[in-house]
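Here's the letter readout for the chains.
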Amino acid sequence: MVSLAIGCIASTAALAAAFVFLGGGKLRRRPLPPGPRPLPLIGNVFDIPRSNAWERFIEWKDLYGEVVYISILGRSIVLLNSVKSTTDLLEKRAPSYSDRPQFPLIKVGHQWNFGFKPYGREWQSLRRTFTSQYNSMATLRSFYDAHRASATTFLLNVLHKPEELSNHMRIRGAQVIFEVTYGISVQSWDDTLVQTAEAVMDVVSIALYPSMWIINPISILNSFPRWLGGGIVAARVRRWQADLENLRNAPFEVVKKSLATGTAKPCFTANLLQELETSSENNMNEGIIRDTAAIALGAAYETTFAAGEVFLLAMLLNEPVQGSAQREIDSVVGSDRLPDFIDRERLPFVTAVMKEVLRWHPPAPTGIPHELTHDDMYEGMFLPAGSIVMANIWGLLHDPTMYPDPFTFDPSRFIRDGKLDCTKNDPSRFVFGFGRRACPGRLFTEDSLWLMIAQFLAVYSISPPSNGGPPPKAAFTSGAISRPLPFKHVVRPRSQAAQNLLTQLAQGQ
Ligand code: HEM
């Protein structure tokens, strides 16, 4: 895919040249923020690394400052590398900083997705429909059973096939979101819906990676004659579009059928469809319900999986931390039942582990960029309208002034006097993005992740294999959604009491 990006540069360089002659050059005379020197026409294309771009962005902070300017093919990009600049711009000046750039690859099939829609009334109304379910305390509590069911399946899957830990974690993420959104219980990794979700999200992750922001797949298709391989690219894009449409429609139709036969379970889609039937003054329609539901699936699937994998890797690399969390669970909950949501307040260290998982390696290290709608001045620097504005979430979460010794996995940074205290440094303030576009799935994610972490640590221990292979290390995939590279592990019930609990759980199934 990256080679496509490079291949496309030549065909778009002329556009960049036109941009510079038609006015882009004027920007040079204004005090833009500092940044790496651009090449003529193509700008900083080659400065964005193919992997771990967030690390390069933090180097730029040291070199150029908290606000960095680059350009790619004439398009301005502003990188924000500090809490101050993200708060001042993305939050305090939200009306001008809440638009989305029109990502070319996303445009090919995601026009219906409010996460990529321009800031405005339509976006606002769709987002309101979404948050009415995913961000309301009452509905979030109604999702607790789905979180419990997916955690139970996960624990039992691990018991039966511990070597397939990663696949079980993947299924857990899919299960919970399919259940609460459509009332559909997916059981296995081979499920067609899970496979489709995976295929769609792989491409989204590539499309949102910084080097892909302004590469136009249509121009890629047009610039490659079929006999040179353009047909293959076109076929791939068509396949992706088909998968996406399938994901948008197939589970929705399942809910409609089950409502018609009276077998629908309460869930996001069924609740809203029922509301639609009974309410006369409603500006909702089936299309809105279908599309907002599909967004939940896309937004939650890969991110939840990534966070779960980061948790496993962090525990494997930090066995003393694992031990501290387990001792807290034993003293508060005991060993004859699993922790549940009612225990949350009394398990501050477990909650701190969850917060540290999100901080240590955030699933979306560079977030989703915003677009600036009006020319702006910030601390003497000119920020041009139309700039892509990106916050380096990973960078903020590794800022040593806020998180001393940032590469160490240390949940105790969130504990004060034996209590959870994130008032000044809650990672969730950054992990889930900023201002009016901030992730509406934050509370849902924290519920889901917390329960999985508490219940996993109650019954299992994870450690590196003891067969003398190379020690596991903290290494992660690139892409807009980043998760650990595959790692070897040994996972087993941590005591006879834990084994008994798992046996009881299996019998109750
Ligand atoms: C670990 C899990 C998750 C992470 C790290 C995450 C992160 C993010 C980030 C960084 C953004 C962009 C915010 C911005 O533009 O500043 C975002 C947007 C979004 N997220 Fe999440 N997310 C997660 C889980 C979820 C879940 C579970 C849902 C749904 C149930 C969800 C739904 C959305 C939606 C709909 C948007 C688009 C919001 C808009 O453009 O108005 N996310 N998320």
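Residues numbered from 1 in each chain as written. Predicted model: local features only at pLDDT ≥ 70, side-chain atom pairs only at ≥ 80, totals over all residues.

1. Section: the overall build of the chain
- When helices and strands are counted, the chain shows 19 helices and 10 strands.
- Relative to its 509 residues, the chain shows a buried fraction of 43%.
- Intrachain contacts of the chain at a sequence separation of at least 6 include 75% that bridge at least 24 residues. (Helix = DSSP H or I, 4+ residues; strand = E, 2+ residues; numbered from the N terminus. Buried ≥ 20, exposed ≤ 12 C-beta atoms within 10 Å, placed from the backbone. Contact = placed C-beta atoms within 7 Å.)

2. So, the pairing of strand β6 (residues 388-391)
- Burial along β6 is two-sided: the residues I388 and M390 and V389 and A391 are all buried.
- In this sheet, β6 lies alongside strand β2 (residues 75-80) in parallel orientation, the contact comprising 4 bridges. Bridge assignment links L79 to a residue of β6, and that residue is M390.
- Judged from the 2 bridges that link them, strand β3 (residues 370-371) and β6 form a sheet pairing that is antiparallel. Across the sheet, residue E371 finds its bridge partner in β6, namely I388. (Pairing = 2+ DSSP bridges.)

3. What about the nonpolar core?
- Counting residues in hydrophobic clusters, the biggest one holds 121 residues, and the most contacted among them are V350 and I453.
- At 20 residues, the largest contribution of residues to this core is made by helix α13 (residues 286-317).
- If sequence neighbours within four positions are ignored, V350 has contacts with A325, E328, I329, I453, A454 and L457. (Core = buried A, V, L, I, M, F, W, Y, C linked by C-beta atoms within 7 Å.)

4. Regarding the site of the ligand
- Lining the immediate surroundings of the ligand are 28 residues, of which A299, A300, G433, C439 and G441 lie closest.
- Elements with a minimum of two residues in the shell around the ligand: α5 (121-134), α13 and α18 (442-459).
- In terms of residue count, the dominant contributor to the shell around the ligand is α13 (7 residues).
- Classifying every residue of the shell around the ligand gives 18 nonpolar, 8 polar and 2 charged. (Near = placed C-beta within 6 Å. Nonpolar A, V, L, I, M, F, W, Y, C, P; charged D, E, K, R; others polar.)

5. Structural notes on the environment of A293
- By the secondary structure assignment, A293 is in helix α13.
- Owing to 26 C-beta atoms within 10 Å, A293 belongs among the buried residues under this scheme.
- Separated by 21 residues in sequence, A293 and L272 place their C-alpha atoms 9.9 Å apart.
- Discounting chain neighbours no more than four positions away, the residues touching A293 are T181, Y182, F252, F268 and T269.

6. Focus on the sheet that holds β6
- With respect to topology, 4 strands assemble into an open sheet ordered β1-β2-β6-β3, the strand pairing being mixed. Looking at which strands have only one partner, the edges of the open sheet turn out to be β1 (67-72) and β3.

7. A few points about the UniProt feature "binding site: heme" (unreviewed entry) in the chain
- Sequence positions flagged by UniProt for "binding site: heme" (unreviewed entry) are, in local numbering, C439.
- You can see C439 is positioned in the loop between α17 (428-431) and α18.
- Accessibility expressed as a C-beta count within 10 Å gives 22 for C439, which makes it buried.
- What C439 contacts, discounting residues up to four positions off in sequence, is F432 and G433. (UniProt positions renumbered as here; feature names shortened; annotations may be inferred.)

8. Focus: helix α15 (residues 348-360)
- The terminal C-alpha atoms of α15, which comprises 13 residues, lie 18 Å apart, in line with the 18 Å expected from a rise of 1.5 Å per residue.
- Counting buried residues in α15 gives 12 out of 13 residues, a clear majority hidden from the surface. (Expected span 1.5 Å × (residues − 1).)

9. Digging into the confidence of the model for the chain
- Residues with a pLDDT of 70 or more make up 86% of the chain, whose mean pLDDT is 86.
- Low confidence marks residues 1-27, where pLDDT is under 50. Its contacts with residues over four positions away, or in another chain, come to 35 contacts. (pLDDT = per-residue confidence, 0-100.)

10. A closer look at the pairing of strand β9 (residues 460-463)
- Only one face of β9 is covered, namely the face carrying Y460 and I462; the face carrying S461 and S463 is uncovered.
- Note that β9 and strand β10 (residues 490-493) share 4 bridges and pair antiparallel. Looking at the pairing, Y460 lines up with P493 of β10.

11. Structural notes on the environment of G469
- Within the fold, G469 resides in the loop between β9 and β10.
- Expressed as a C-alpha distance, the spacing of G469 and K488, which sit 19 residues apart in the sequence, is 9.2 Å.

12. Observations regarding helix α7 (residues 144-160)
- The end-to-end C-alpha separation of α7 is 25 Å, in line with the 24 Å expected for 17 residues at 1.5 Å each.
- Looking only at α7, the buried set comprises A146, H147, S150, A151, T153, F154, L155, N157 and V158.
- The inward-facing, buried residues of α7 contact α8 (165-182), α18, β9, β10 and α19 (496-508).

13. Section: the packing of helix α14 (residues 319-333) against α15
- Two elements in contact, α14 and α15, have axes separated by 8 Å at closest approach and are oriented at 145 degrees. Every residue of α15 that contacts α14 at V321, S324, A325, E328 and I329 is listed here: F349, V350 and V353.
- Considering only residue class, the contact of α14 with α15 consists of 6 nonpolar, 1 polar and 1 charged. (Axes fitted to C-alpha atoms, helices over the stretch in contact; angles between N-to-C directions.)

14. With respect to the environment of T196
- Relative to the helices and strands, T196 is located in helix α9 (residues 192-207).
- On the neighbour-count criterion, T196 (19 C-beta atoms within 10 Å) is partly exposed.
- C-alpha of T196 to C-alpha of N246: the two residues are 50 residues apart in sequence and 7.9 Å apart in space.
- Excluding anything up to four places from it in sequence, T196 contacts D243, N246 and L247.

15. Considering unusual backbone geometry
- The residue D405 is not glycine, and still its phi comes out positive at about 55 degrees.
- For D405, the position within the fold is in the loop between α16 (393-397) and β7 (415-416).
- A positive phi angle, close to 50 degrees, is found at D417, a residue other than glycine.
- Turning to its location among the elements, D417 is positioned in the loop between β7 and β8 (419-420).

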